[in-house]
There are 2 protein chains.
Amino acid sequence: MDGKFMRNQRVSAITKILIENPNKVINLNVFTNMLNAAKSTISEDIVIVRESLKRLEMGTIETISGAAGGVKFVCDISKEECEKFLEDLCKELQNQNRVILGNFLYLTDILSSPRYLKKAGTILASKFISNEIDYVVTVETKGIPLAYEVANKLGVELIIVRRGNKITEGTTISINYLSGSSNRIQTMSLSKKSLPSGSKCIFIDDFMKAGGTASGIKHLLQEFQSELLGIGVLIDDRSVENKLMEDYIALVEYDAPKDNKSAIVRISEKLDS
Amino acid sequence: MDGKFMRNQRVSAITKILIENPNKVINLNVFTNMLNAAKSTISEDIVIVRESLKRLEMGTIETISGAAGGVKFVCDISKEECEKFLEDLCKELQNQNRVILGNFLYLTDILSSPRYLKKAGTILASKFISNEIDYVVTVETKGIPLAYEVANKLGVELIIVRRGNKITEGTTISINYLSGSSNRIQTMSLSKKSLPSGSKCIFIDDFMKAGGTASGIKHLLQEFQSELLGIGVLIDDRSVENKLMEDYIALVEYDAPKDNKSAIVRISEKLDS
């Protein structure tokens, strides 16, 4: 790249690269090469980015020293913005039009919506960011976009556990588990190639009912000599008592709709658990 | 927010907000309120962001005039970076360890990896960004993370078509279609609530074999009085001739592995079609 960049321009470029690679350590050489500037200059630029984000409560820039060192962006959301988002989400979920025959809540649109999931993912990721996570795990289908957002914000890879066996996955390990709410036996499977032994994982899903799926994931991870360090869900169904898992984080909780009346939704008591 | 921000700090904050909301129009009032600055000042800040991104070929900032106007970030990737990424992807796909029994290629890790999908999503989105798309459509399961990335970069919502019928989707419209490669009849369904009639859609999937799924999506969208404006896939299987769909964009193409030898993978001829 010919010629110099002004400080303003460098600050913009550095911000973009950091924001697009959350929780990934970026070596300062990336910036010095791209922006044709000295390391000391780039370090000063980074101080500006750090102070701006900190003041606006939009996340932090951490410095990692050593040969493999550099800087990384750690996502965060201000308490105010978090509360506003969750209140809006509750309001949206209480919409009478969302109740469908059989007293189910229609969530399909929200569960694949970047507009909702970028913030939901940031909130969930911020709860697990201090743990040293290797992988985010989810089970197909509905929770995949949310889990993908959380993995992205944590700077790790996503692993999707399949229901049943797929021919394109190679050798798989399958377990049978009891779905806590419907009392049916179900199968989940994961390719042996997917997960190295000794991995530290969190499980992200759309919904927590009795916790049968989460409990199944815990056992599946044991088969891979790996560990389940935490569970995060978007919605916690409080109408199911005696859950199989007690230790999890949820963004909102609800009492399932009855007699085709709206669901009652509020910010979860397990948001900061 | 008390006190003023320096220009550098404003530039950083504005960059962050724009990058995190690709193809979404942000009204300048958002920035004037957040940064406690006059509109003219913010406009000058935006010029700096625009020039920096343009010079580094990292996307453009467009101005939309009128009452609902503002600025938006339109993603892009330089030709150099695009080619380097696709060459790396080809190399990775040709890894002998990816060939699994039955001459399938193991892709599961790549298809859920933010590291690969952020760039793949940017490339695909840049091909469709000049069309006025309302929705990105995909079919469960493997293509979901890629389709989610493309939807995010295009600033639209994602619609996930299900295989079979699900009880939590309410009233659905289902179609039967012939899977082009296996010659089996399959079912796909979509909730009536999901898609307003008259929508303009693109279909994003991981893999193009004979095009049976894409053709099914086209018919399903017709049932919703909606239109399929384009198709984008990560990998095009060139060993299948006489495809049902000819008009699509692919990032890479391959000849399926034979006799457990590596796949042969190259940048797709349909990258710019």
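Quick caveat: nothing in here was measured; it's all calculated off a predicted structure.

**What about the domain arrangement of chain A?**
All names here are of chain A.
1) Next: Partitioning chain A into structural domains gives domain 1 (7-74) and domain 2 (79-267).
2) Next: Distance from the C-alpha centre of domain 1 to the C-alpha centre of domain 2: 32 Å.
3) Next: On the side of domain 2, 6 residues touch domain 1, which itself brings 5 residues to the contact.
4) Next: Taking both partners together, domain 1 and domain 2 bury about 470 Å²; carbon and sulfur atoms supply 48% of that area.
5) Next: In terms of surface lost to domain 2, no three residues of domain 1 exceed P22, N23 and K24, which account for 72% of the buried area on that side.
6) Next: For the interface between domain 1 and domain 2, the tally reads 0 salt bridges.

**Details of the sheet that holds strand β9 (residues 200-208) of chain A**
Residue and element names in this part refer to chain A.
1) Next: Overall, mixed pairing links the 8 strands, which are arranged β7-β8-β6-β5-β9-β10-β11-β12 in an open sheet. Edge positions in the sheet fall to β7 (172-178) and β12 (264-267), since each of these pairs with one other strand and no more. The sheet shows a mean angle of 30° between the axes of neighbouring strands, taken without regard to direction.
2) Next: As defined by bridge partners, strand β5 (residues 135-139) adjoins strand β6 (residues 157-163) across 5 bridges and the pair is classed as parallel. Its bridge partner being in β6, T138 is matched across the sheet by I160.

**Comments concerning the UniProt feature "domain: Bacterial purine repressor N-terminal" (unreviewed entry) in chain A**
1) Next: Mapped onto this numbering, the UniProt entry annotates "domain: Bacterial purine repressor N-terminal" (unreviewed entry) at residues 7-75 of chain A.
2) Next: Taken end to end, residues 7-75 of chain A is 57% helix and 14% strand, and its first and last C-alpha atoms sit 24 Å apart.

**A look at helix α8 (residues 212-223) of chain A**
All names here are of chain A.
1) Next: Taking 1.5 Å as the rise per residue, α8 with 12 residues should run 16 Å; its terminal C-alpha atoms sit 17 Å apart, in good agreement.
2) Next: Listed in full, the buried residues belonging to α8 are G212, A214, S215, G216, I217, L220 and L221.
3) Next: Elements in contact with the buried residues of α8: β5, β6, β7, β8 (185-191), β9 and β10 (227-237).
4) Next: Looking one or two residues past α8, Q225 carries a phi angle of roughly 50°, positive in sign.

**Some words on the interface of chain B and chain A**
1) Next: Tallying the contact residues gives 63 residues for chain B and 63 residues for chain A.
2) Next: Together, B:K16, B:R55 and B:Y148 form the three largest contributors to the area buried by chain B at its contact with chain A, with a combined 14%.
3) Next: Of the charged contacts, one joins B:R115 and A:E157 as a salt bridge, the two residues approaching to 3.7 Å between their closest N and O atoms.
4) Next: Put simply, chain B and chain A have 25 residue pairs in polar contact (both at pLDDT 80 or more) between them.
5) Next: At the level of elements, α1 (7-20), α2 (28-35), α3 (39-55), β4 (104-105), α5 (108-111), α6 (114-128), α7 (144-154) and β6 (157-163) of chain B are the ones that each hand at least two residues to the side of chain B that touches chain A.

**Examining the nonpolar core**
1) Next: Among the nonpolar cores identified, the biggest contains 132 residues, and A:F31, A:V136, B:F31 and B:V136 are the most heavily contacted of them.
2) Next: The residues touching A:V136, leaving out its near neighbours within four places in the chain, are A:A147, A:V150, A:A151, A:L154, A:V156, A:E157, A:L158, A:I159, A:I202 and A:I204.
3) Next: Listed in part, the 24 residues of the second largest apolar core include B:V139, B:C201, B:L220 and B:A250.

**Examining the pairing of strand β11 (residues 249-255) of chain A**
All names here are of chain A.
1) Next: Most of β11 sits inside the fold, with 6 of its 7 residues counted as buried.
2) Next: Bridging between β10 and β11 involves 5 bridges; their strand directions are parallel. Opposite I235, over in β11, you have V252 as the bridge partner.
3) Next: In this structure, β11 lies alongside β12, joined through 4 bridges in antiparallel fashion. Paired with Y254 across the strands is V265, a residue of β12.

**A closer look at the sheet that holds strand β9 (residues 200-208) of chain B**
Residue and element names in this part refer to chain B.
1) Next: Taken in spatial order, the 8 strands make up an open sheet running β7-β8-β6-β5-β9-β10-β11-β12, and their pairing is mixed. Of all the strands in the sheet, just β7 (172-178) and β12 (264-267) have a single pairing partner and so form its edges. Across the sheet, the mean angle from the axis of one strand to that of its neighbour is 30°, orientation sign disregarded.
2) Next: Across the sheet, helix α4 (residues 79-93) touches β10 (227-237), β11 (249-255) and β12, and the angle it forms with β12 is around 175°.

**Side note on the packing of helix α7 (residues 144-154) of chain A against α6(B)**
1) Next: Where α7(A) meets α6(B), the closest approach of the two axes is 10 Å, and the angle between their N-to-C directions is 105°. What the angle tells us is that α7(A) and α6(B) run roughly perpendicular. Contacts between α7(A) and α6(B) involve A:Y148, A:A151 and A:N152 from the first element and B:P114, B:L117 and B:K118 from the second.
2) Next: Per-class residue counts for the contact of α7(A) with α6(B) are 4 nonpolar, 1 polar and 1 charged.

**Some remarks on the relation of the copies chain B and chain A**
1) Next: The two copies are related by a screw motion: chain B maps onto chain A through a turn of 180° and a shift of 0.0 Å along the axis, at an RMSD of 0.0 Å. In short, the pair behaves as if placed about a two-fold rotation axis.
2) Next: The share of interface residues of chain B whose copies in chain A are also at the interface is 100%, consistent with both copies meeting through the same surface.

**A look at the state of the cysteines**
1) Next: Within the structure shown, the criterion is met by 0 disulfides over all chains.
2) Next: A disulfide-free cysteine, B:C201 has its sulfur positioned 19 Å from the sulfur of B:C75, the nearest such atom.

Thresholds, definitions, all that
- Residues numbered from 1 in each chain as written.
- Chains lettered and ligands numbered in written order.
- Predicted model: local features only at pLDDT ≥ 70, side-chain atom pairs only at ≥ 80, totals over all residues.
- Heavy atoms only, no water.
- Domains from an automatic or database assignment.
- Contact = heavy atoms within 4.5 Å.
- Buried area = accessible area lost by both parts, 1.4 Å probe.
- Salt bridge = Lys/Arg side-chain N within 4 Å of Asp/Glu carboxyl O.
- Pairing = 2+ DSSP bridges.
- Helix = DSSP H or I, 4+ residues; strand = E, 2+ residues; numbered from the N terminus.
- Axes fitted to C-alpha atoms, helices over the stretch in contact; angles between N-to-C directions.
- UniProt positions renumbered as here; feature names shortened; annotations may be inferred.
- Expected span 1.5 Å × (residues − 1).
- Buried < 20%, exposed > 50% of the residue type's maximum accessible area, 1.4 Å probe, protein only.
- Polar contact = N/O pair within 3.5 Å; in protein donor to acceptor, adjacent residues only side chain to side chain.
- Core = buried A, V, L, I, M, F, W, Y, C linked by side-chain atoms within 4.5 Å.
- Parallel < 35°, antiparallel > 145°, perpendicular 65-115°, else oblique.
- Nonpolar A, V, L, I, M, F, W, Y, C, P; charged D, E, K, R; others polar.
- Least-squares fit on C-alpha atoms with pLDDT ≥ 70 in both.
- Disulfide = S-S within 2.5 Å.

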